[in-house]
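# Reading the structure
Each chain, letter by letter, is given below.
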Amino acid sequence: MQILRDIPLASYTTLKVGGPARYFVEAHSETEILEALAYAREHSLEVFVLGGGSNLVVSDAGWHGLVLKISILGIDTVPKDSRLLFTAGAGEDWDTLVARSVEHNCAGIECMSGIPGTVGGTPVQNVGAYGQEVAETITTVRVIDVTSGDTRELSNSECGFLYRTSIFNTSQKGRYIVTRVSYALLPGRAPRFEYADLKRYFASSSSSPTLSQVRNAVREIRASKAMLIAPNEENSRSAGSFFKNPIISPAEYDRIASLPQCVDQNPPRYPAPEGQVKISAGWLVEKAGFHKGFGNGRVGISSKHTLAIVNRGGATAAEIVEFKNRVQQGVFKVFGVQLHPEPVFVGF
Ligand SMILES: Cc1cc2nc3c(=O)[nH]c(=O)nc-3n(C[C@H](O)[C@H](O)[C@H](O)COP(=O)(O)OP(=O)(O)OC[C@H]3O[C@@H](n4cnc5c(N)ncnc54)[C@H](O)[C@@H]3O)c2cc1C
């Protein structure tokens, strides 16, 4: 295990902002994670676990403790009942795993093609896109319990998955470090393309799309919205969708729908658990006046996606936060709805 000092974090994130980590360790195995945790304990350092940095806003001051980058690699496949179990190291690139599953002609995660970040990041916020989320296929999450140093296999139900939520980002935040994740995928099963954008994409094709055609379509649609990381695409210098879609009561929905801003169009609504309603954060942001390309400084709304706050070059974390506050306040003023950010704020 190598302990580095004063490592700038911006380049480890997709938003490209943030100061240095006082201590930085890249762990390639569970043993190295345990060593790093022991070092942190000995030196009273607070630990932040870093994956691919695609869901982070790191403060300009950086992280005062130890950043532990998880780089455990390896993808194994084992048949299990009628499924193929893919078990991947937490440090594997997520999209590499999706590509591998499609090569094996296995359905279950194809709609999540092109989401940046690592395998270990996926259970944390129950990553999802285009009608799929990882909660549907995860069987177990192997973790190190930071409080005891023990290794455990958590079952799907123990992870408490909900929309963009799990125990890892709520009740047990900071307790577990994910080292491996197993996904049970379906060999030979047709891809899912229920999502409107995908249906539109394949509307004119006479035959049902294959898994790899769905994967390519998702990546193409994502690229058109700069939701695929591309070095020359300024709009992809983001943390993805910056706000979660609010989940509200039907009565609250009716209140919003009766506002003057909604005379021409009711806010798009989607079913949510327990009779609640999910409304589109992007729609609220847009209707509150923050259109695509909004903002004339170093921070603004992506010109290709209303929900992405973009570092147009040289922005600071403080500028990102100031802009985020402005959007939240604007939406609250118009609709009385409090938007909650999706990214994790580090070192604030
Ligand atoms: C262009 C773009 C598009 C995106 N599109 C989507 C999308 O369609 N759907 C979606 O759900 N998300 C999307 N995201 C958000 C992001 O890609 C996901 O949340 C991703 O899973 C984060 O993984 P990461 O490895 O980058 O985690 P990081 O950003 O490094 O960390 C995020 C959180 O997870 C924790 N964490 C990371 N790894 C571990 C681990 N091994 N053990 C314990 N905790 C860990 C961190 O401590 C932190 O709290 C997008 C982001 C971008 C930039």
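Model, not experiment: these values are computed from the prediction. (Residues numbered from 1 in each chain as written. Predicted model: local features only at pLDDT ≥ 70, side-chain atom pairs only at ≥ 80, totals over all residues. Heavy atoms only, no water.)

## Details of the nonpolar core
Threshold: Residues grouped as a nonpolar core are buried Ala, Val, Leu, Ile, Met, Phe, Trp, Tyr and Cys residues, joined through side-chain atoms within 4.5 Å. Remark: exposure states derive from per-residue accessible area (1.4 Å probe, protein chains only) relative to the maximum for the residue type, with buried under 20%, exposed over 50%, and partly exposed in between. Helical segments are the DSSP runs of H or I of at least four residues, strand segments are the runs of E of at least two, and each set is numbered from the N terminus. Residues are treated as being in contact if the distance between any of their heavy atoms lies within 4.5 Å.
Grouped together as the largest cluster of nonpolar side chains are 53 residues, with contacts concentrated most on Ile 33, Leu 68, Trp 94, Leu 97, Tyr 183 and Leu 198. Breaking this core down by element, the ones donating at least two residues are strand E2 (20-27), helix H1 (30-42), strand E5 (63-70), strand E7 (83-89), helix H2 (94-103), strand E11 (138-145), strand E13 (176-187) and helix H4 (211-224). Counting residues per element, this core draws most heavily on E13, at 6 residues. In this structure Tyr 183 touches Leu 84, Leu 85, Phe 86, Trp 94, Leu 97, Val 119, Thr 122, Val 134, Thr 137, Ile 138 and Thr 139, once residues within four positions along its chain are discounted.

## Structural notes on the packing of aromatic side chains
Centre distance and the angle of the planes are the two values used to describe a pair of aromatic rings. This is how the line gets drawn: When the centres of two rings from Phe, Tyr and Trp lie within 6.5 Å, Trp using its six-membered ring, the rings pair. Their planes under 30 degrees apart give stacked, over 60 give edge-to-face, and anything left gives tilted. Charges are assigned to positions over rings by a cutoff of 6 Å between ring centre and Lys NZ or Arg CZ, combined with an angular limit of 35 degrees from the ring normal.
Here the structure, examined in full by the defined rule, presents 14 aromatic pairs. With a centroid separation of 6.2 Å and an interplanar angle of 80 degrees, the aromatic rings of Phe 168 and Tyr 176 are classed as edge-to-face. Given a relative accessible area of 7%, Phe 168 falls into the buried group. Among the residues examined, Tyr 176 registers a relative accessible area of 11% and is labelled buried. Taken together, Phe 242, Phe 243, Phe 345 and Phe 348 form an aromatic cluster joined through their ring pairs. Note that Arg 269 overlies the ring of Tyr 253, its terminal NZ or CZ placed 4.5 Å from the centroid. The ring of Tyr 163 carries Lys 278 above its face, with NZ or CZ at 4.2 Å from the centroid.

## Details of the pattern of salt bridges
Selection criterion: For this document, the term salt bridge refers to a Lys or Arg side-chain nitrogen within 4 Å of an Asp or Glu carboxyl oxygen.
Applying the stated rule across the entire model yields 13 salt bridges. A salt bridge links Arg 175 to Asp 145; its shortest N-O distance comes to 2.8 Å. You can see Arg 175 sitting in the loop between strand E12 (151-155) and E13 and its partner Asp 145 sitting in strand E11, a full 30 residues away along the chain. Using a relative accessible area of 27% as the deciding quantity, one classes Arg 175 as partly exposed. Taking relative accessible area as the criterion, Asp 145 reaches 3% and is therefore assigned buried. Here Asp 197 ties to Arg 200 by a salt bridge, and the two come within 2.6 Å at their closest N and O atoms. Of this pair, Asp 197 and Arg 200 are both found in helix H3 (residues 196-201), 3 residues apart, which corresponds to roughly one turn of the helix. One continuous salt-bridge network, built from bridges that share partners, spans Glu 30, Arg 142 and Glu 153.

## Quick word on empty space enclosed by the protein
To keep things clear, this is the line we draw: With a 1 Å grid spanning the protein atoms alone, the term cavity applies to any set of points in which a 1.4 Å probe fits but cannot get out, the term pocket to an open set with protein on both sides within 12 Å along at least five of seven lines, and the term lining residue to any residue with an atom within 4 Å of a point. Grid points are joined across faces, edges and corners, and a volume is the space filled by probe spheres set on the points. Polar here means any residue outside two lists: the nonpolar Ala, Val, Leu, Ile, Met, Phe, Trp, Tyr, Cys and Pro, and the charged Asp, Glu, Lys and Arg; Gly therefore counts as polar.
The final tally for this structure, using the stated rule, is 1 cavity of 30 Å³ or more. The calculated volume of the largest cavity comes to roughly 40 Å³. In terms of lining, the largest cavity is formed by Leu 9, Tyr 12, Thr 13, Phe 48, Leu 50, Leu 56, Val 58, Val 67 and Val 346. Its residues assigned to classes, the lining of the largest cavity shows 8 nonpolar, 1 polar and no charged.

## Overview of unusual backbone geometry
Negative phi values dominate among residues other than glycine, just as trans dominates among peptide bonds. Positive phi, normally seen in glycine, also occurs at Asp 6, with a value near 50 degrees. Positionally, Asp 6 belongs in strand E1 (residues 4-8). The phi dihedral of Asp 81 is positive, around 50 degrees, even though this residue is not glycine. Its location among the elements puts Asp 81 in the loop between strand E6 (75-80) and E7.

## Overview of H1
What counts, and what does not: Expected span of a helix, by definition, is 1.5 Å for each gap between consecutive residues, and there is one gap fewer than residues.
Its 13 residues give H1 an end-to-end C-alpha distance of 18 Å, which sits within 8% of 18 Å, the value for a rise of 1.5 Å per residue. One or two residues past the end of H1 sits Ser 44, with phi positive at roughly 50 degrees.

## A look at helix H5 (residues 250-257)
How we decide: The reported arc concerns the directions from the helix axis to the C-beta atoms and nothing else.
Taken together, the buried positions of H5 are occupied by Tyr 253, Ile 256 and Ala 257. Mapping the buried residues of H5 onto a view down its axis gives an arc of 95 degrees, with all of them on the same face. In this structure, the buried residues of H5 make contact with strand E15 (247-248), strand E16 (269-271), strand E17 (277-279) and helix H7 (317-335).

## Side note on the sheet that holds E2
Operational definition: At least two bridges found by DSSP between two strands is the condition for calling them paired. Each axis is a line fitted through C-alpha atoms, and for a helix only the stretch in contact is used; angles between axes span 0 to 180 degrees, taken between their N-to-C directions.
The 4 strands lie next to each other as E1-E2-E5-E3, forming an open sheet whose pairing is mixed. In this open sheet, the two edge strands, each paired with only one partner strand, are E1 and strand E3 (47-50). On average, each strand axis in the sheet is inclined to that of its neighbour by 40 degrees, with strand direction left out of account. Where E1 lies against E2, 4 bridges are found, and the strand directions are antiparallel. Counterpart to Leu 4 in the pairing with E2 is Phe 24. Lying over the sheet, H1 contacts E2, E3 and E5, oriented at roughly 170 degrees with respect to E5.

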